[in-house]
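# Fold and geometry: a report
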Amino acid sequence: MVNKKATTTKTGFFDQMASAPSTDEFIKGLWRENPIFVQVLGMCPTLAVTNSLTNALAMGLATTFVLVASNGLISSLRNFIPKQVRIATYILIIATFVTLIDYGIQATSVALHKSLGAFISLIVVNCLILGRAEAFASKNNVGLSLLDGLGMGLGFTFALSCLGALREIMGNGSLLNVQIFGEAYQEWIVMILPAGGFFTLAIWLLFFNVLKKKKMA
Amino acid sequence: MKELTLQIRTSPHLKTTLSTDTIMLHVILSLIPVVIFAVYAFGWSGLTLMVTTTLSCVLTEYILNGKDKGTKALKDWSAVLTGLLLALTLPPGFPLWMAFVGGMVAIALGKFVFGGLGQNLFNPALVGRAMLQAAFPVAITTWTNAMAPDRFSSFIASSLTLPFLEPIKADAISGATPLSAFKFDKITTDVQDLALGFTSGSLGETCAVLIALGGLYLAVRKMLNWRIPVGILGTVAVFTGLLYLIDPSKYPAPLAMLFSGGLMLGAVYMATDMVSSPLSSIGVWIYSFVIGLLVVLIRIWGGLPEGVMYAILFGNALAPVLDKTIPKRIYGMPSVKTKTAKA
């Protein structure tokens, strides 16, 4: 069974590309059902760790890894997991992969691990991952679930990078830790503070909603 | 027999002549002495700063409201007032491009996103200033001395910083405000200087006497709820008075507290914003008590030397709660007691 939304209109570039159902499951997470700009899921990492593009990319890719792996495993086990304890089982599976990526990041870059802090462990309770497990992986076959996880994860990474880039450029005058403006550039300190996360999210949501409205009209 | 002419009209039959634009215009008029004094004390930099924020607020209001509603929205003078009040809370040498950003934020984020005039939760001018404080903490705490000899011949160096660039540092002319002087160095400033405005500080927060006179005029014309400034200033006076009695060497004198910083401007012109203050009298008293208490707490024990802005913003956030929890009697309706008894 393919979880296809019958009501969505197919007019855009991505939608025309998505003729086969499998490509559609991949494409939808990038744009049409983007986890942040459309579903507004996983707000905790979105607001907390997007103060630089490096952090945003690392967070997005870590989440993508967990999403793909847990979607695949949950989908392959979907006929064996008892309905009554399914949430607990999902959490257990997700937590396993989060621990893996946690140790992985710590082993490769201690600095990155420090700047992401508790938010790596908090991927366990990211509602996006549990949401995909419950809404998609538990009802679809392994292949489609992997594609869905990858699409959603990359869409999440894309959105996080949008926020991270804007916040780093405005708040620090740099991109990926490289200064792009001169010495005299005035940093907008508020952008790398928590309040800036809300401002930036609002700016991007506004931008993408305007785009969507124009596309609909 | 003469024929009777009957006119059929719907209520209300008695109308007040006070409308939004009259009130706004009078508030602006009452600010004129403060504005003139600010220009006198800080020279061309002060004048351009006020012109910049006002222009930025007016432009933002016009653009956001669109072509058709733009001119209509400007006719209530509220954008002009917001711009003027924002400028009065900024240091005289504040870079003009930052002030322009502040004006845009004040109107767009402080007023427009909530639905325009009458819908805003917070005082727009203070929203603009809070954003500027968070974004440019250094520029907004760089003060220059009042009555500088060259104030009418040249601009303060940092005023004319190019957009998106850091303000030029000129340490030689910077002066600490009376509040930070007391907080960090325990230097007290003469009360007379504070009241008359011969100290460094934001544009409109130095001359306490002129602000109080403007407030008095508005209160007499019933365009301002006198309970709010009285409540705030009274709370501050009583609390600092108590502290001063306990240890005069450690805590500032109550009069110095009343006349320094943005307290007078905040209590008279910011906290009294009709939209963002509570409606009922009891609510207003609680509101002004909380603001006064927070001002004292932040000034004496907080990390910042000045806390009027955050105190008023907090009070604004409290206002809807006060309006909901305190039952009020609606004109022409039975009193609250009988109504609740029935229900």
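This one's a predicted model, so the numbers in the text were calculated from it and none came from an experiment. (Residues numbered from 1 in each chain as written. Chains lettered and ligands numbered in written order. Predicted model: local features only at pLDDT ≥ 70, side-chain atom pairs only at ≥ 80, totals over all residues. Heavy atoms only, no water.)

### Some thoughts on the domain arrangement of chain B
Residue and element names in this part refer to chain B. Rules: Domain limits in this description derive from either an automatic procedure or a database domain assignment. Every residue pair with non-hydrogen atoms within 4.5 Å of one another is taken to be in contact. By convention, the term buried area covers the 1.4 Å-probe accessible surface removed from two parts as they join, with the contributions of both added. Salt bridges, as used here, are contacts in which a Lys or Arg side-chain nitrogen is within 4 Å of a carboxyl oxygen on Asp or Glu. Any pair of nitrogen or oxygen atoms within 3.5 Å is treated as a polar contact; in protein, a donor-acceptor pairing is required on top of that, and neighbouring residues in sequence qualify only through side-chain atoms on both sides.
Per the domain assignment, the segments making up chain B are domain 1 (20-175) and domain 2 (205-326). Just the C-alpha atoms count here: the centres of domain 1 and domain 2 sit 21 Å apart. With 25 residues of domain 1 in contact, the opposing surface of domain 2 contributes 24 residues. Both sides of the domain 1 and domain 2 interface together cover about 2,200 Å² of buried area, and 76% of this is carbon and sulfur. Taken together, the connections running from domain 1 to domain 2 amount to zero salt bridges. The interface formed by domain 1 and domain 2 includes three residue pairs in polar contact (both at pLDDT 80 or more).

### Brief notes about the nonpolar core
Our working rule: Among buried residues, those of type Ala, Val, Leu, Ile, Met, Phe, Trp, Tyr and Cys that are joined through side-chain atoms within 4.5 Å constitute a nonpolar core. Buried, partly exposed and exposed residues are distinguished by accessible area as a fraction of the type maximum, computed with a 1.4 Å probe on protein chains only: under 20%, between the cut-offs, and over 50%, respectively. Counting from the N terminus, the helices are the DSSP runs of H or I reaching at least four residues and the strands are the DSSP runs of E reaching at least two.
Ranked by internal contacts, the top residues of the largest apolar core, which has 80 residues, are Trp188(A), Met50(B), Phe94(B) and Tyr269(B). Tallying contributions element by element places helix H1 (residues 20-74) of chain B first for this core, with 14 residues. Structurally, this core is a two-domain feature, drawing no fewer than three residues from each of domain 1 (20-175) and domain 2 (205-326) of chain B. Excluding its chain neighbours within four sequence positions, the residues that come into contact with Phe94(B) are Leu49(B), Ala99(B), Leu132(B), Ala139(B), Ile140(B) and Ser159(B). Among the nonpolar cores identified, the runner-up in size contains 39 residues, and Leu67(A), Ile94(A), Leu116(A) and Ala137(A) belong to it.

### So, helix H2 (residues 78-88) of chain B
Residue and element names in this part refer to chain B. Counting buried residues along H2, ten of its eleven residues qualify, which places the element largely inside the surrounding structure. Considered for burial, the residues of H2 that qualify are Ser-78, Ala-79, Leu-81, Thr-82, Gly-83, Leu-84, Leu-85, Leu-86, Ala-87 and Leu-88. Tucked inside the fold, the buried residues of H2 contact H1, helix H3 (96-108), helix H4 (124-135) and helix H10 (263-270).

### Quick look at the side chain of Ser30(B)
Residues and elements named next belong to chain B. Here Ser-30 shows up in helix H1. Overall, Ser-30 belongs to the buried group, its relative accessible area being 5%. Of note is the side chain of Ser-30, whose polar atom sits 2.8 Å from the backbone oxygen of Val-27. With residues near it in sequence (within four places) discarded, Ser-30 still touches Gly-214, Tyr-217, Leu-218 and Tyr-269.

### Examining the interface of chain A and chain B
Operational definition: Only Asp, Glu, Lys and Arg are considered charged in this grouping, and only Ala, Val, Leu, Ile, Met, Phe, Trp, Tyr, Cys and Pro are considered nonpolar; every other residue, Gly among them, is considered polar.
Taken together, the contacts link ten residues of chain A with 13 residues of chain B. Buried surface at the junction of chain A and chain B, both sides included, amounts to about 980 Å², of which 72% is carbon and sulfur. Our enumeration of links across chain A and chain B arrives at zero salt bridges. Summed over the shared surface of chain A and chain B, the result is two residue pairs in polar contact (both at pLDDT 80 or more). Taken together, the residues of the side of chain A that touches chain B sort by class into seven nonpolar, one polar and two charged.

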